[in-house]
Amino acid sequence: MSCWQTIADYGLRSLGYGERLLPRGDFTLCQQFTLIGSGMIWNIYFGVLALLAGFFLATALALGKASRVWLLRKASEWFIFVFRGSPLFIQFFFAYFLFVALKGAVPILAPFTAAWLGALVVLFLNTAAYTGEIFYGALLSIPKGDTEAADAYGFSGWNKFRKITWPTMLRLAWPAYTNEAIFLFHATTLVFFSGFPALRQRGDALYYANYFADKTFNPFIPYPILAGYFILLTLVVIGVYGVVNTRLNRHLPRNDRPKLKIRPKLIR
């Protein structure tokens, strides 16, 4: 079987298209690259949607934590504390069994027991909590002169938030938020190992890498392939966020614009 035929057969297998059965033996490098790359579709799906939805919830959490309203402040503080204080793996585990228990009482919640929705909800809430804390710190770091200048120009309420507070908060938080985005994509590898089943062997990149490692008893081929895919994904994330960072700082002199740097983190 040629490599092109392997790509045609297994390139979209993680989505349910192509060959129904996984290869059983005589694994080629092309098969491993193709299937692990096919699984990356799920990792990108989880990461992109969780980041997009989590961004808006994180903004609300940051504003809530900085609010003078006691109920909003405490609700935001406890939400952030719970999701930052507990391991993501445990959150997946409890969420899955919670959705399974609720499915019996409320059948409409059945889709939440599937990884495509249930795991996405967990990732969305988790990244919103971490990002909300980042945004809250940036909100407190907004120079007092900026808000005073906005008041002097007659800005208030929504206009002040939209034109002064929110852009400044994003500009200050963006480097740290980039690290959170990278970590979130890496964290998507936990989905199919934490309770949410891979139906019909349609898993993510780590699921297929683990499959090849178990069948060949040689982890030194599939796992480096997996690492290579995530390194490429990380470079894409840094590039995209770098473009946004440049846009956020376009009003600054070119030499004063902060640049995003690759700073690998061993722990979160």
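This text gives an overview of the structure that appears in the document. None of the values given here were measured: they were computed from a predicted structure. (Residues numbered from 1 in each chain as written. Predicted model: local features only at pLDDT ≥ 70, side-chain atom pairs only at ≥ 80, totals over all residues. Heavy atoms only, no water.)

### Quick word on the packing of helix α2 (residues 29-65) against helix α9 (residues 222-248)
For any two helices packed against each other, one specifies the crossing angle of their axes together with the interaxial distance.
So, point 1. Interaxial distance between α2 and α9 falls to 10 Å at its minimum, and their mutual angle equals 40°. Two packed elements cross with a definite hand, and for α2 against α9 that hand is right-handed. Residues Leu29, Gln32, Phe33, Ile36, Gly37, Met40, Asn43, Ile44 and Leu51 of α2 touch α9, and the partners they reach there are Pro222, Ile225, Leu226, Tyr229, Phe230, Leu233 and Tyr241.
So, point 2. Looking at side-chain class alone, the contact of α2 with α9 contains 13 nonpolar, three polar and no charged residues. (Axes fitted to C-alpha atoms, helices over the stretch in contact; angles between N-to-C directions. Helix = DSSP H or I, 4+ residues; strand = E, 2+ residues; numbered from the N terminus. Left-handed = near helix turned anticlockwise from the far one by under 90°. Contact = heavy atoms within 4.5 Å. Nonpolar A, V, L, I, M, F, W, Y, C, P; charged D, E, K, R; others polar.)

### Some words on the side chain of glutamine 31
So, point 1. Within the secondary structure, glutamine 31 is located in helix α2.
So, point 2. Assessed through its relative accessible area of 10%, glutamine 31 is described here as buried. (Buried < 20%, exposed > 50% of the residue type's maximum accessible area, 1.4 Å probe, protein only.)

### Quick word on unusual backbone geometry
So, point 1. Phi angles above zero are rare outside glycine, and aspartate 26 is one such case at about 50°.
So, point 2. With respect to the helices and strands, the residue aspartate 26 is situated in the loop between α1 (3-10) and α2.
So, point 3. A residue is classified by how much of its surface remains accessible, and aspartate 26, at 76% relative accessible area, is exposed.
So, point 4. A positive phi angle, close to 60°, is found at glutamine 201, a residue other than glycine.
So, point 5. With respect to the helices, strands and loops of the structure, glutamine 201 is situated in the loop between α7 (157-187) and α8 (205-216).
So, point 6. Looking at glutamine 201, the relative accessible area reads 24%, which means it is partly exposed.

### Some thoughts on the state of the cysteines
So, point 1. A full pass over the atoms with the stated rule returns one disulfide.
So, point 2. Through a disulfide, cysteine 3 is tied to cysteine 30; the S-S separation comes to 2.1 Å. The sign of the S-S torsion, about 85°, decides the handedness of the disulfide formed by cysteine 3 and cysteine 30: right-handed. Taken as a pair, cysteine 3 in helix α1 and cysteine 30 in helix α2 lie far apart in primary sequence, 27 residues in all. (Disulfide = S-S within 2.5 Å.)

### Quick notes on the pattern of salt bridges
So, point 1. Throughout the structure, instances matching the rule amount to three salt bridges.
So, point 2. A salt bridge links lysine 74 to glutamate 77; the shortest N-O distance between them is 3.4 Å. On the criterion of helical spacing, the pair formed by lysine 74 and glutamate 77 is a turn pair, its members being three residues apart in helix α3 (residues 70-85). (Salt bridge = Lys/Arg side-chain N within 4 Å of Asp/Glu carboxyl O.)

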